[in-house]
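Here is how the chains run, residue by residue.
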Amino acid sequence: MKRRLLLSSLSSSVLMLSLSAVAAEKIDFESRYQRPSSDSDEGGLWGYMDREEDKVKKSPFLIRDAQFKDYLSAIACKLGEAHCPDIRVYPLMVPLFNANMAPNGMMQIWSGLMLRVDNEAQLAAVLGHEIGHYLARHSLQRLRDAKSRSGLGFVTGLFGAVGAIASLGLAAGGFAYSREHETAADEIGISLMSKAGFDPNESAAVWENLQLETKASTEGESSGFQQLFSTHPLPKDRQDNLKRIALLSPGNIKNEELWQNKVAPYLRIWLKDEIKRNKFDSTIALLNRLTQREKNKSEYLFSRGEAFRLRNKGEDFQLAINDYKAAVLWGNEPAEAHKGLGLIYKAKGEKDLAKASLLTYQAMEPNASDSLLIKSYIEELES
Ligand SMILES: [Zn+2]
């Protein structure tokens, strides 16, 4: 059964606008996708994705928290409507801004994306776009285009299992979706999020926030969302189109507090992974934004302090000290805020301050993996 689902719930003015934006192209899709026969080219694609999905299930990066996974699945389900039973969500600990949905129904949501979105509506904007590619069968069309050249190589670029991230980044650029597919996925995405009640204006907010990081990253520094941008290029007119359609689409749910409560247990580890990327300019730009949040403020302040301390350019040590102290003042700071202070004071030769901070760290985390090293520092400072 074919149906014209995507624009049916929108007002007629939106319908006309959307149709003009996609040059009156009709986007029809099945109410559910059945598994194709294994000797068809689509069947081959599904089989390949099934094997990738097995790797994801065993991946050490998979977040194995059934409640959290169910929570994310419920959001994807609201967007996917009748396709809900076919969507299988996998949250993964990868500090890059990315989500994707493979033709067999496997949906990956990476932690770098979850760290960056402010609310459920922003997550829904990205997932709706990915579901849009799925509904419109863009990957199958890409497969047919790419078959003579590269076989399944592009599939790894678009949906590859984590663990091959390095090669993924390289592969992805050459296998981006076409401009037409991006525009179509944008419009399906906005329609889906609007129908699910989410505020469609949050879609443009996602991209605006990401651009703060792009602008801050220095030459040669690849940013955390390079992955998404390379597979989903977002030129200015596409962004303007998103904004225009959003303004005319209903929906006001953001669920900001709920979202931030759900991700709170993961923040510390996601922020650690973000710092480990060693892309401090874009990380600091990200944290300039996140430190404005009220909830878990000390985690963000501490992390920005870490980024300043490790970048160590110009006034960075002083900026790090300011952030660590602000995290302590705010309360519930990670013990490592005191370690960071201790290391900077030690480097500056301020022995008493260094010793006091390291002792506080030691008292808060007596069994830390670096406890012997910290003990030796304290002894060194006493001598
Ligand atoms: Zn896309």
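Everything in this summary refers to the structure shown in the same document. No experiment lies behind these values; they were computed from the predicted model shown. All residue numbers refer to positions counted from 1 along the written sequence of the respective chain. Selection of residues for local features in this predicted model requires a pLDDT of at least 70, selection of side-chain atom pairs for listing and counting requires 80 or more, and totals for whole chains, interfaces and linings are taken over all residues. Only heavy atoms go into the side-chain values, all of them from the structure, while hydrogens and water stay out.

## Let's talk about the state of the cysteines
Where two cysteines share a covalent bond between their sulfur atoms, that bond is called a disulfide.
Logical step 1: By convention in this document, the label disulfide applies to cysteine sulfur atom pairs within 2.5 Å. Taken as a whole and assessed by the stated rule, the structure comprises 1 disulfide.
Logical step 2: In this model Cys77 forms its disulfide with Cys84; the gap between the sulfur atoms is 1.7 Å. Handedness of the Cys77-Cys84 disulfide follows from its S-S torsion of about 45°: it is right-handed.
Logical step 3: Exposure classes here rest on a 1.4 Å probe applied to the protein chains alone. A residue is buried below 20% of its type maximum, exposed above 50%, and partly exposed in between. A relative accessible area of 21% places Cys84 in the partly exposed class.

## Describing the sheet that holds strand β3 (residues 88-92)
Paired through their backbone hydrogen bonds, the strands of a sheet run either parallel or antiparallel.
Logical step 1: Strand pairing is assigned whenever DSSP identifies at least 2 bridges connecting the two strands. Under the scheme used here, helices are H or I runs from DSSP no shorter than 4 residues and strands are E runs no shorter than 2 residues, and both carry numbers assigned from the N terminus. Across the sheet, which stays open at both edges, the 3 strands sit in the order β3-β5-β4 with mixed pairing between neighbours. Pairing within the sheet leaves two strands with one partner each, and these edge strands are β3 and β4 (99-101). Averaged over all pairs of adjacent strands, the angle between their axes in this sheet comes to 15°, without regard to strand direction.
Logical step 2: In this fold helix α3 (residues 66-80) packs onto β3 and β5 (106-110), with an angle of close to 125° to the strand it touches most, β3. Simply put, an axis is a line fit to the C-alpha atoms, just over the touching stretch for a helix, and the angle between two N-to-C directions goes from 0 to 180 degrees. Any two residues whose heavy atoms approach within 4.5 Å at even a single point are treated as in contact.

## Quick notes on helix α15 (residues 280-290)
Logical step 1: A large share of α15 lies buried, amounting to 10 of its 11 residues.
Logical step 2: Along α15, the residues classified as buried are Phe280, Asp281, Ser282, Thr283, Ile284, Ala285, Leu286, Leu287, Arg289 and Leu290.
Logical step 3: Close packing links the buried residues of α15 with α4 (111-116), α10 (202-216), α14 (267-276) and α16 (297-311).

## Digging into the environment of Ser111
Logical step 1: By the secondary structure assignment, Ser111 is in helix α4.
Logical step 2: Since its relative accessible area comes to 2%, Ser111 is described here as buried.
Logical step 3: Sequence separation between Ser111 and Leu96 is 15 residues; the distance between their C-alpha atoms is 6.9 Å.
Logical step 4: Those residues in contact with Ser111 that lie beyond four places of it in its chain are Leu92, Met93, Val94, Pro95 and Trp270.
Logical step 5: What qualifies as a polar contact is a pair of N or O atoms within 3.5 Å, subject to a donor-acceptor requirement within protein and to the restriction that residues adjacent in sequence count only when both atoms come from side chains. Within the local environment of Ser111, its side chain forms a polar contact with the backbone nitrogen of Val94, the two atoms lying 2.9 Å apart.

## Digging into the pairing of β5
Logical step 1: Buried residues dominate β5, accounting for 5 of its 5 residues.
Logical step 2: Side chains Met106, Gln108 and Trp110 of β5 all project onto a buried face; the interleaved residues Met107 and Ile109 project onto the opposite face, where all are buried too.
Logical step 3: As paired strands, β3 and β5 are joined by 5 bridges and run parallel to one another. Looking at the pairing, Tyr90 lines up with Gln108 of β5.
Logical step 4: Both β4 and β5 contribute to a ladder of 3 bridges, which runs antiparallel.

## Some remarks on the pattern of salt bridges
Logical step 1: Salt bridge, as applied in this entry: a Lys or Arg side-chain nitrogen positioned within 4 Å of an Asp or Glu carboxyl oxygen. For the structure on display, the rule yields 24 salt bridges.
Logical step 2: One salt bridge connects Arg116 with Glu213, and the closest N-O pair in it is separated by 3.0 Å. On the criterion of sequence distance, the pair formed by Arg116 in helix α4 and Glu213 in helix α10 is long-range, its members being 97 residues apart. Neither residue differs from the other here; Arg116 and Glu213 are each classed as buried.
Logical step 3: The partner of Glu299 in a salt bridge is Arg268, with the nearest N and O atoms 2.6 Å apart. Pair noted here: Glu299 is in helix α16 and Arg268 is in helix α14, with a separation of 31 residues, a long-range link.
Logical step 4: The class of Arg268 is partly exposed, set by a relative accessible area of 35%.

## Topic: the packing of helix α18 (residues 336-347) against helix α19 (residues 351-364)
Logical step 1: Contact geometry of α18 with α19 gives a least axis separation of 7 Å together with a crossing angle of 155°. One way to sum up the angle between α18 and α19 is to call them roughly antiparallel. By crossing handedness, the relation of α18 to α19 is classed as left-handed. Counting all contacts with α18, which are made through Glu336, His338, Lys339, Leu341, Gly342, Leu343, Tyr345 and Lys346, the residues of α19 involved are Leu353, Ala354, Ser357, Leu358, Thr360, Tyr361 and Met364.
Logical step 2: In this classification, the charged set is Asp, Glu, Lys and Arg, the nonpolar set is Ala, Val, Leu, Ile, Met, Phe, Trp, Tyr, Cys and Pro, and all remaining amino acids, among them Gly, are polar. Counted by class, the contact of α18 with α19 contains 8 nonpolar, 4 polar and 3 charged residues. Note on terminology: angles under 35 degrees are roughly parallel, angles over 145 are roughly antiparallel, angles of 65 to 115 are roughly perpendicular, and the others are oblique. The crossing is said to be left-handed when, going from far helix to near helix, the turn is anticlockwise and less than a right angle, and right-handed when the turn is clockwise.

## Brief notes about the nonpolar core
Logical step 1: In these notes, a set of buried Ala, Val, Leu, Ile, Met, Phe, Trp, Tyr and Cys residues joined through side-chain atoms within 4.5 Å is what counts as a nonpolar core. Core analysis: the largest hydrophobic core is formed by 53 residues, its most contacted members being Phe68, Leu72, Leu79, Met107, Ile109, Leu123 and Leu127.
Logical step 2: Dropping the residues within four chain positions of it, Leu72 is found in contact with Val89, Pro91, Ile109, Met114, Leu123 and Trp259.
Logical step 3: Counting residues in each nonpolar core, the second largest holds 25 residues, with Ile275, Ala320, Tyr345 and Ala354 among its members.

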